[in-house]
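# An overview of the molecular structure
Okay, here's what each chain looks like letter by letter:
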Amino acid sequence: DAGITQSPRYKITETGRQVTLMCHQTWSHSYMFWYRQDLGHGLRLIYYSAAADITDKGEVPDGYVVSRSKTENFPLTLESATRSQTSVYFCASTPGAEGTQYFGPGTRLLVL
Amino acid sequence: AQSVTQLGSHVSVSEGALVLLRCNYSSSVPPYLFWYVQYPNQGLQLLLKYTSAATLVKGINGFEAEFKKSETSFHLTKPSAHMSDAAEYFCAVGYSGYSTLTFGKGTMLLVSP
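Residues numbered from 1 in each chain as written. Chains lettered and ligands numbered in written order. Predicted model: local features only at pLDDT ≥ 70, side-chain atom pairs only at ≥ 80, totals over all residues. Heavy atoms only, no water.

## A word on the nonpolar core
For soluble globular proteins, nonpolar side chains are generally found buried alongside one another. One finds Trp35, Phe74, Leu76 and Tyr89 of chain B to be the most contacted residues of the largest nonpolar core, which totals 28 residues. Counting residues per element, the ones that place at least two in this core are strand S2 (10-14), strand S3 (19-26), strand S4 (31-38), strand S5 (44-50), strand S7 (64-68), strand S8 (73-78), strand S9 (87-95) and strand S11 (107-112) of chain B. When residues of this core are assigned to their parent elements, the largest contribution, five residues, is made by S9 of chain B. For Phe74 of chain B, the residues in contact, after removing those within four places along its chain, are Cys23, Leu33, Phe34, Trp35, Leu48, Tyr50, Val57, Ala65, Glu66 and Phe67 of chain B. Val19, Tyr47, Leu76 and Leu109 of chain A belong to the second-largest nonpolar core, a separate cluster that totals 19 residues. (Core = buried A, V, L, I, M, F, W, Y, C linked by side-chain atoms within 4.5 Å. Buried < 20%, exposed > 50% of the residue type's maximum accessible area, 1.4 Å probe, protein only. Helix = DSSP H or I, 4+ residues; strand = E, 2+ residues; numbered from the N terminus. Contact = heavy atoms within 4.5 Å.)

Structure (structure tokens):
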């Protein structure tokens with residue numbers, strides 16, 4: 001019954017450090033997505049994946065790296081965190097194109 | 001490129017009053033449209049979805065939305081607001097053959113007693 005989970009839920013890091021946000025879904029959905037939510041900007045797509053080993057850039061990919069070696073996991077890495085990457089990050093999944101996206105609870109990231 | 005405009009970053013209503021949240025999209029092809037709700041410190045939950053069947057779509061918690069092609073709109077309504085409806089609402093648009101959605105910037109609904 002877990003659905004889609006994200007870890008950690010809260011993270012504080014320093015500028016220049018590498019940070020990895022985890023996303024795990026138990027539905028075997030093909031598509032997974034990473035968004036960031038910022039005041040005044042709504043949700044913006046960072047990266048998405050159509051299947052294991054297939055990823056593509058979204059609207060704001062700079063400074064982020066993703067991988068998808070297994071269908072159920074879609075980690076997002078900030079290779080060298082910057083203050084502008086302070087945000088709330090949401091992972092989502094959907095079984096197929098045009099499907100409803102189901103969202104995780106989010107990770108609040110603060111970069112000092 | 002597809003886009004979504006939500007008119008009003010904040011909407012205030014009294015408990016029991018009509019709720020109307022506006023969403024307009026830009027599209028040259030038939031869209032499919034969503035409304036999501038986000039409660040504080042939570043992820044987004046689906047309220048309702050339009051996929052070219054009935055133009056009036058009923059969702060959870062008494063919400064509904066009407067697709068109007070001529071106006072490129074998909075406004076969200078609820079006849080009588082409840083305190084528990086206070087949340088942020090997002091409209092999103094997608095297209096056939098594409099997995100990604102474009103979200104509006106959100107409208108915060110405030111409900112006063």
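Here the narrative resumes.
## Things to note about the packing of aromatic side chains
Residue and element names in this part refer to chain B. Scanning all chains against the criterion turns up 15 aromatic pairs over all chains. Measuring from centroid to centroid gives 5.8 Å for Tyr36 and Phe103, while their planes differ by 50°, and the two rings are tilted. Residue Tyr36 is found in strand S4, and its partner Phe103 is found in strand S10 (residues 102-103); the two are separated by 67 residues along the sequence. An identical accessibility class is assigned to Tyr36 and Phe103; each is buried. (Phe/Tyr/Trp six-rings, centres within 6.5 Å; stacked < 30°, edge-to-face > 60°.)

## Here we look at the pairing of S4 of chain B
All names here are of chain B. Where burial is concerned, most of S4 is hidden: eight out of the eight residues are buried. The alternating pattern of S4 places Pro31, Leu33, Trp35 and Val37 and Tyr32, Phe34, Tyr36 and Gln38 on opposite faces, both of which are buried. With eight bridges joining them, S4 and S9 adopt antiparallel strand pairing. When the bridges of S9 are listed, Tyr32 appears paired with Gly94. The pairing of S4 with S5 spans six bridges and is classified as antiparallel. Across the sheet, residue Phe34 finds its bridge partner in S5, namely Lys49. Hairpin remark: S4 followed by S5, antiparallel, with five residues in the connecting loop; positive phi at Asn41, about 60°. (Pairing = 2+ DSSP bridges.)

## Points about a nonpolar patch on the surface
The grouping of Ile12, Leu110 and Leu112 of chain A at the surface amounts to a nonpolar patch, some 290 Å² of accessible area in total. By the element assignment, Leu110 of chain A lies in strand S11 (residues 107-111). (Patch = residues over 30% accessible without salt bridge, like charges linked within 9 Å, V, L, I, M, F, W, Y side chains within 5 Å. Areas by Shrake-Rupley, 256 points an atom, 1.4 Å probe, with all protein chains shown as cover. Salt bridge = Lys/Arg side-chain N within 4 Å of Asp/Glu carboxyl O.)

Nothing here speaks to function; it is all geometry.
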